[in-house]
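Okay, here's what each chain looks like letter by letter:
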Amino acid sequence: MSGTNGALREFTRRSALTALGAGIVGVTAASWPRLTGADIPGRGDNSLSIAIMGTAADAAARQKVIDAFAKVHPEIKVKVQAIQAVDWKDFFTKILTMVAAGTPPDVVYVATEGAQLFAEKLAHPLDEYLRRDAEHMKEYFADVHPSLVEAFMYKGSLFQLPIDWNAANMYYNTTALRQAGLERPADNWTHTDFRATLAAMKKANPKDFTPYYWTNRLFGGVVPWLYANDTSFLKETKSAGGEWLWDGFYANDPSRSLRSGGYQWLEPNADDPRVFESFDYLRGLVKDGLGVRPEEGGGSALIGLFASNRIGTTPAGGYWVQGLHEAGMTEDGFDVQFFPKWRSQRHQFGTAGYAIMKTAKDKDAAWEWVKFSSSLEAMRIVFPTPNTTPARRSMVNEQLYAGTGPRNWKVFYDTLDKFPTTGPIPAPPQQAAVETALMKNVSLAVSGDERQLKDALNSMQRDLELALRRQP
């Protein structure tokens, strides 16, 4: 257990998805170093213990979901614990504290970054339940794109049902675009079109303005550019298996042939010439003052800067809409477009859903919670505002974005429908060490000359080799 605990301490996480699961909240953990079994809701009785990342601010939504679940399953008592955490790193560390103490929750809300770690070490596969309740689950899978589901496949088994997700699309400030004399970019705009857009924005706004703002993290940093250039910093392969799921629920889906038993990231790929090409492109943006040297973390000040017309473009997902609205941005003040095309127009996404722990005291009851949470009824309660993108296609509609924008909200789900090879954040079981290896070299790679870039990528390759050798 100490090896697993050590790995999770290293988790660094974008804060982009900090709202994931926060629609269902309960008691906020206050004093984690003194955590005991008595501190955990549901311990000491037969309640099903659900752990999510969130705060007590959404208590009303929590109660509505629990009340709705109780009407369907009055025999299952549920206690949801919202663990207040800075980011997913902090959240996973606290979950591991509970595991090490012998008092783990029964169900945990896990994002893509931790999905394979949980599947490898901590979670129970959903296969038996999906086979048993296949008729009931057909409606869910018919409403959810298979790319999201495949992200939670691991070695032929499914470990989570996607509840929400976000792709790295490109947001742009409509005022800055208009001042530059430009119209909305085409759906198939390219990386060269993007650079020209930034140059025009900079010319029109020479002072106190950043055409392109990005952060140094796994989501929305360099990875979307790597995906667009048909590469990544890790070699991506897929496991065999999963036919039981794809043939059972997606037999007629046009992308059925693309599906697998799950993603694998087993080797580093920072020495790929396309990785160099992608970093060199970003280095050029930084050098010419078209883009910032990336900050680490989630860019907490970004929404305010964007809303005050000081930033032209930035990569983000549907989770950004509500924040921009609350910052005072009008629905026509911003819009969103697909990420620019390069050799491909493959996008990057992150998703999240509930994982049943191997140690769950009543896995059947845990499954009923997972199944109910995937229902249209439950998801409508949890996602009343656009603070993330619901996994269900039917929920990404005009009603959700009414009064907030963006005008082209269809881009969010069209990202999956139009680009079915769009894939998840590259997150093997050793994700913590892998992300550290990436982040420590990005800033150096894009802020110097070509020799410095080559040295940084050589360093990244070595660091990734070491990271992937670690036991998760």
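Look a little higher up for the structure.
Bear in mind that the values here come from a model prediction, so they are computed numbers and not experimental data.

> Lay out the pairing of strand 2 (residues 78-83) with the relevant residues and their values.
For strand 2, a buried count of five out of six residues is recorded, marking the element as mostly surrounded by other parts of the structure. Relative to strand 2, strand 1 (residues 48-53) runs parallel, the two being bridged by six bridges. Within strand 2, the position partnered with Ile-50 by the bridge is Val-80.

> Break down the side chain of Arg-283 for me, citing the residues and quoting the values.
Relative to the helices and strands, Arg-283 is located in helix 12 (residues 273-287). When residues no more than four places from it in sequence are discounted, the contact partners of Arg-283 are Ala-445, Val-446, Gly-448, Asp-449, Glu-450 and Leu-453.

> Residue-level account of the packing of aromatic side chains, with values.
The tally for this structure, following the rule as stated, stands at 31 aromatic pairs. Considering the side-chain rings of Tyr-109 and Tyr-354, the 4.8 Å spacing of their centres and the 75° angle between planes classify their relative orientation as edge-to-face. Placement of the pair is Tyr-109 in strand 3 (residues 107-111) and Tyr-354 in strand 15 (residues 348-356), with a sequence separation of 245 residues. Tyr-354 sits in the buried class, given a relative accessible area of 3%. Summarising the aromatic geometry, the rings of Trp-225 and Phe-339 are spaced 4.6 Å apart at their centres and angled 65° between planes, so their arrangement reads as edge-to-face. In this pair, Trp-225 is assigned in helix 10 (residues 223-228) and Phe-339 in the loop between strand 14 (334-337) and strand 15, connecting sequence segments 114 residues apart. On the basis of relative accessible area, Trp-225 is assigned to the buried category, the value being 0%.

> Explain unusual backbone geometry residue by residue, including any values.
Only a minority of non-glycine residues have a phi that is not negative, and only a minority of peptide bonds are not trans. Following Gly-405, the chain continues into Pro-406 via a peptide bond in cis, with omega recorded as 0°. By secondary structure assignment, the location of Pro-406 is in the loop between helix 17 (398-401) and helix 18 (411-418). A positive phi angle, close to 50°, is found at Asp-208, a residue other than glycine. Summarising the element assignment, Asp-208 is placed in the loop between helix 9 (191-204) and strand 8 (210-212). Of note in the backbone geometry, Asp-230 takes a positive phi value of approximately 60° without being a glycine.

> Explain the pattern of salt bridges residue by residue, including any values.
Oppositely charged side chains may form a pair once their charged atoms are brought near each other. Within the structure shown, the criterion is met by 25 salt bridges. Its salt-bridge partner being Asp-143, residue Arg-392 comes within 3.0 Å of it at the nearest N-O pair. Of this pair, Arg-392 sits in the loop between strand 16 (389-390) and helix 17 while Asp-143 sits in the loop between helix 6 (134-142) and helix 7 (146-150); the two residues are 249 residues apart in sequence, bridging distant segments of the chain. In terms of burial, Arg-392 and Asp-143 fall into one category: buried. For Glu-450, the salt bridge goes to Lys-454, with nearest N and O atoms at 3.5 Å. With Glu-450 and Lys-454 both in helix 20 (residues 450-469), this residue pair falls four residues apart, about one helical turn.

> Tell me about the nonpolar core, and name the residues and values.
Ranked by size, the top nonpolar core spans 143 residues in total, and within it Phe-141, Leu-161, Tyr-171, Phe-233, Phe-279 and Trp-369 carry the most contacts. What Leu-161 contacts, discounting residues up to four positions off in sequence, is Leu-126, Leu-130, Met-137, Tyr-140, Phe-141, Phe-152, Ala-352, Gly-353, Tyr-354, Trp-367, Val-370 and Ser-374. Grouped together as the second largest cluster of nonpolar side chains are six residues, Tyr-172, Ala-176, Ala-180 and Phe-209 included.

> Explain the packing of helix 9 against helix 12 to me, and be specific about the residues and the numbers.
Between helix 9 and helix 12, the shortest axis-to-axis distance is 12 Å and the interhelical angle comes to 10°. Judged by the inter-axis angle, helix 9 sits roughly parallel to helix 12. For the pair formed by helix 9 and helix 12, the contact residues are His-191, Phe-194, Arg-195 and Leu-198 on the first element and Tyr-281, Gly-284 and Leu-285 on the second. Looking at the contact of helix 9 with helix 12, its residues break down into four nonpolar, two polar and one charged.

> Can you break down the sheet that holds strand 14 residue by residue, with the values?
The strand order 8-13-7-14 describes an open sheet built from four strands, whose pairing is mixed. A strand with exactly one partner marks an edge of an open sheet, and here the two such strands are strand 8 and strand 14. The mean angle between the axes of side-by-side strands here comes to 25°, regardless of whether they run parallel or antiparallel. Bridge count between strand 7 (residues 169-173) and strand 13 (residues 311-316): four bridges; the pairing is antiparallel. Considered in strand 13, the bridge of Met-170 is made with Pro-315. The strands touched by helix 9 are strand 7, strand 8 and strand 13; relative to strand 8, the strand with the most contacts, the crossing angle is about 170°. Contacts from helix 18 reach strand 7 and strand 14 within the one sheet, and its direction differs from that of strand 7 by about 145°.

About the cut-offs
Residues numbered from 1 in each chain as written. Predicted model: local features only at pLDDT ≥ 70, side-chain atom pairs only at ≥ 80, totals over all residues. Heavy atoms only, no water. Buried < 20%, exposed > 50% of the residue type's maximum accessible area, 1.4 Å probe, protein only. Helix = DSSP H or I, 4+ residues; strand = E, 2+ residues; numbered from the N terminus. Pairing = 2+ DSSP bridges. Contact = heavy atoms within 4.5 Å. Phe/Tyr/Trp six-rings, centres within 6.5 Å; stacked < 30°, edge-to-face > 60°. Salt bridge = Lys/Arg side-chain N within 4 Å of Asp/Glu carboxyl O. Core = buried A, V, L, I, M, F, W, Y, C linked by side-chain atoms within 4.5 Å. Axes fitted to C-alpha atoms, helices over the stretch in contact; angles between N-to-C directions. Parallel < 35°, antiparallel > 145°, perpendicular 65-115°, else oblique. Nonpolar A, V, L, I, M, F, W, Y, C, P; charged D, E, K, R; others polar.

Geometric values such as these leave the question of function open.
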